[in-house]
Amino acid sequence: MAARWVRSAAVDDALGRHWLANPDPRGRSAGAGSTSSLYAGAAGVVLFFLEAAAATGDRTYLDDALAGARRLAATWREQRDPTFYHGRAGMLFAMAETGWATGDEEVHEAAHAVADGLVRDVRRFDDGAGWTGDPALRGDGGIVLALLHASGLLGVSAYEEVAVEAGGRVAALAVPGHRFGGNAFPDLPVDAVTPGFLSGTAGAAFLLARLHGVTRDARFLTAARRGADFVRTVSVVTDRCARVPHHLPQGRRLHYLGFCSGAAGVARMFHELHRVTGDPGDLDWVERLAHGIVQSGLPEHTPPGHWDVACLCCGTAGLLELFTGLYAATGREPYLAFARTLAADLIGRAAGDEEDGFRWYQAYRRLRPEEFTADTGYMVGAAGIGTALLHLAATEDAARDAASGTTGGSAEYSAGGGPRRLILLPDNPFPAIPVPAAVLREGDA
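Residues numbered from 1 in each chain as written. Predicted model: local features only at pLDDT ≥ 70, side-chain atom pairs only at ≥ 80, totals over all residues. Heavy atoms only, no water.

1. Side note on the overall build of the protein chain
If you tally the helices and strands in the protein chain, you get 15 helices and 8 strands. Overall, the protein chain is about 50 × 50 × 45 Å in size when its C-alpha atoms are taken along their principal axes. Here the protein chain, with 445 residues, has 60% of them falling under the buried criterion. Of all intrachain contacts in the protein chain linking residues separated by at least 6 positions in sequence, the fraction that spans at least 24 positions is 65%. Working note: accessible area of the protein chain is about 16,700 Å², and carbon and sulfur atoms make up 50% of it. Computed over 41 positive and 52 negative side-chain charges, the inter-centroid distance for the protein chain is 5 Å. (Helix = DSSP H or I, 4+ residues; strand = E, 2+ residues; numbered from the N terminus. Buried < 20%, exposed > 50% of the residue type's maximum accessible area, 1.4 Å probe, protein only. Contact = heavy atoms within 4.5 Å. Areas by Shrake-Rupley, 256 points an atom, 1.4 Å probe, with all protein chains shown as cover. Lys, Arg positive; Asp, Glu negative; His and termini not counted. Charge placed at Lys NZ, Arg CZ, Asp CG, Glu CD.)

2. A few points about the nonpolar core
Membership of the largest hydrophobic core comes to 140 residues, with the highest contact counts inside it found for Leu38, Met95, Leu147, Met269, Phe323 and Met379. With 10 residues, the top contributor of residues to this core is helix α2 (residues 42-56). (Core = buried A, V, L, I, M, F, W, Y, C linked by side-chain atoms within 4.5 Å.)

3. A few points about unusual backbone geometry
Residue proline 299 is reached from leucine 298 by a cis peptide bond, and omega for that bond is -5°. Here proline 299 is to be found in the loop between α11 (280-294) and α12 (316-330). Phi is positive for arginine 216, close to 60°, though the residue is something other than glycine. Inspection of the secondary structure puts arginine 216 in the loop between α8 (201-215) and α9 (218-234). Owing to a relative accessible area of 52%, arginine 216 belongs among the exposed residues under this scheme. Even without glycine at this site, aspartate 239 takes up a positive phi of about 50°. If you trace the backbone, aspartate 239 turns up in the loop between β5 (236-238) and β6 (241-243). Residue aspartate 239 is classed as exposed on the basis of its relative accessible area, which comes to 68%.

4. Topic: the layout of surface pockets
In this model, the second largest pocket occupies a volume close to 430 Å³. What lines the second largest pocket is a set of 19 residues, and nearest its centre among them are His149, Arg210, Leu424, Pro426 and Asn428. Looking at the lining of the second largest pocket, the elements that each hand over two or more residues are α4 (88-102) and α6 (140-154). Top contributing element to the lining of the second largest pocket by residue count: α6, with 5 residues. Taken together, the residues of the lining of the second largest pocket break down into 12 nonpolar, 3 polar and 4 charged. (1 Å grid on protein atoms, 1.4 Å probe; cavity = no way out; pocket = protein on both sides within 12 Å on 5 of 7 lines; lining within 4 Å. Points joined across faces, edges and corners; volume = space filled by probe spheres on them. Nonpolar A, V, L, I, M, F, W, Y, C, P; charged D, E, K, R; others polar.)

5. Digging into the pairing of strand β1 (residues 10-13)
Relative to strand β2 (residues 16-19), β1 is paired through 4 bridges, and the arrangement is antiparallel. If you follow valine 11 over to β2, its bridge partner there is histidine 18. In textbook terms, the turn of a hairpin is the stretch between consecutive antiparallel strands, and for β1 and β2 this stretch comprises 2 residues. (Pairing = 2+ DSSP bridges.)

6. Considering the pattern of salt bridges
If you walk through the whole model with that rule in mind, you get 28 salt bridges. Arginine 70 serves as the salt-bridge partner of glutamate 106, at 3.9 Å between the closest nitrogen and oxygen. Highlighted residues: glutamate 106 in helix α5 (residues 105-120) and arginine 70 in helix α3 (residues 59-75), separated in sequence by 36 residues. Linking arginine 232 and aspartate 282 is a salt bridge whose minimum nitrogen-to-oxygen distance equals 3.1 Å. Taken together, the residues arginine 232 in helix α9 and aspartate 282 in helix α11 connect sequence positions 50 residues apart. In this structure, a network of salt bridges that share partners links the residues Arg225, Asp229, Arg232, Asp279 and Asp282. (Salt bridge = Lys/Arg side-chain N within 4 Å of Asp/Glu carboxyl O.)

7. Points about the packing of α12 against helix α13 (residues 333-349)
Any two packed helices are characterised by the angle at which their axes cross and by the distance between the axes. As a packed pair, α12 and α13 sit with axes 8 Å apart at the nearest point and diverge in direction by 155°. Considering the angle they form, α12 stands roughly antiparallel to α13. Remark: the crossing between α12 and α13 carries left-handed chirality. Contacts between α12 and α13 pair Thr316, Ala317, Leu319, Leu320, Phe323, Thr324, Leu326, Tyr327 and Thr330 from the former with Glu333, Tyr335, Leu336, Phe338, Ala339, Leu342, Ala343, Asp345, Leu346 and Arg349 from the latter. For the contact of α12 with α13, the residue count by class is 13 nonpolar, 3 polar and 3 charged. (Axes fitted to C-alpha atoms, helices over the stretch in contact; angles between N-to-C directions. Parallel < 35°, antiparallel > 145°, perpendicular 65-115°, else oblique. Left-handed = near helix turned anticlockwise from the far one by under 90°.)

8. Topic: the environment of leucine 425
By secondary structure assignment, the location of leucine 425 is in the loop between α14 (382-404) and α15 (437-444). By relative accessible area, leucine 425 is classed as buried at 8%. Each C-alpha atom, one on leucine 425 and one on leucine 145, is 9.1 Å from the other, the two residues being 280 residues apart in sequence. If sequence neighbours within four positions are ignored, leucine 425 has contacts with Leu38, Leu47, Phe84, Tyr85, Phe93, Tyr378 and Met379.

9. Considering the environment of valine 266
Structurally, valine 266 can be placed in helix α10 (residues 263-277). Overall, valine 266 belongs to the buried group, its relative accessible area being 0%. Along the backbone, valine 266 and arginine 243 are 23 residues apart, and their C-alpha atoms lie at a distance of 9.5 Å. Beyond its immediate sequence surroundings of up to four residues, valine 266 is in contact with Pro195, Gly196, Phe197, Ala202, Val231, Val244 and Leu289.

10. Here we look at the packing of aromatic side chains
Centre distance and the angle of the planes are the two values used to describe a pair of aromatic rings. Following the criterion strictly, the structure yields 13 aromatic pairs and no others. Measuring from ring centre to ring centre gives 5.4 Å for phenylalanine 197 and phenylalanine 259, while their planes differ by 65°; the resulting arrangement is edge-to-face. Placement of the pair is phenylalanine 197 in the loop between α7 (157-171) and α8 and phenylalanine 259 in the loop between β6 and α10, with a sequence separation of 62 residues. The burial state of phenylalanine 197 is the same as that of phenylalanine 259; both residues are buried. Ring-pair connections join several aromatic residues into one group, and the members of that group are Tyr39, Phe84, Tyr85, Phe93, Phe197, Phe206 and Phe259. (Phe/Tyr/Trp six-rings, centres within 6.5 Å; stacked < 30°, edge-to-face > 60°.)

Next comes the structure, spelled out in C-alpha cells:
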C-alpha cells in the first residue's frame, strides 16, 4: 500500500524516473531535500523498490527501481552536495545497490564514476582530508561510510584508502563529532553541543568504530571511545534506562528517542562498538537506551522527544528499525514484541485506501507542531516506513524458517529463497541477513 502511493508520485522523462515529494494536491511536503537525495528523493525511493522486489518477487518493483537509478546515473553530475543523506554519496549507494541487484551496466558504471569523483574531490585541510569540513555523519562521516561500502561492493581498494585517510581527520579531534549551533545548526544556540547520531558525537564515534573494525588501527578505537565516553557522561541514567540530551547545555532535559538525534541512533553507536570489540559494557548501554525507549510510554503516549512523527529519521519507523535490528542481532523476544507493537501503530496511523495507497501525515518539524505533512521519501516518508515494515517481515520470516530448519542455508536476494539480504544503510550495524544467532543455535540443536 505504501508502494502504491509512492508510485502515484512517479514522474517520467527522457532521463528516467523521479518521484514527487507529495502527490496529494491537498497535502504538503516537509521540503526536506532534493528530488535526487537519499533522504527525501529518488535515491531513497530506489532502495525501497529494490526491497519490495526482493520481498515479493514482483519484478515490476525492480523496474521502478531501475528507472529511478538510471535517472540518477544520468543526472548525478548536477548534484553539487557530496554528502550521503543529501547528495552524491547517497546516490552512489543507491546506484551500487541497484547495479548489484539488477546487473545493469549503465547504473553500475555510474556508481563507479560517482565514487571516482568523490575520491578526486577530497580536500586537504590543515588537519587532514575531507570534503565538507563537518566530521558528523551528515557531513564527511557519511561520505566515508559510503566509500567503504562502495569499496566492498564495487571492488576498488582506492575508495577504502581515501575513506580511511578522511577518517583519520575525525579521529584526531579531541571529542569526535562535536558540532555547535550557528551556521551548523541555525535552530540551536551558538554554544550548543550535539551528542546525537546524525549530526553529533555518537555518529562520529560510530564511524570511528567502523573504521577500527575495517583496519584494526588502534587510533580509531581510541577516538571512538572518547566519543562514547562523552555520550555516557552527558546522558541521564536511571533504573536501567539511559536518555541522551538533544543538545547541551540548553537542551539537557530534551531527550529525543529517534534515529537522528536520540536514543535509537546512539544505540547504533554502542552496538557497533560491541560488534567490533566484544565489550559487554557497550552492549549494556545498547540495552539501557532500548529500555528507555520502551519505558517512555510509546506508542500509546508521545513524550516531548518523540512528538507526532512516523518517519525513519526522527519517528516511529526509526525505532522500528532499531528493535528489528536488535532482535536480529540477539534473538531476544522482547525486542521482537516491541517491534511488532511499533509496526502495528504505524499501520494504524496510515492514511489512504485500497485505490490510492498509504501515506503518513506527521508533524515532521518539532518546532512547528501545527504543520502536518506527508512525503514519499526514504528518511522522511512512506518509502522509509515501508522499508522498515519489510525489514520486520523479513526478520520474522528468517527467524521462523531457522527455528523450523527450513532455511536450507539459502541467503538468496530473491523472494521465497530463504533468508534474504536486506539493504541496510552503512550506518546500520545490524545483520543484513537477519537470522538471529540464538534462533539458529536452537534450530541446530
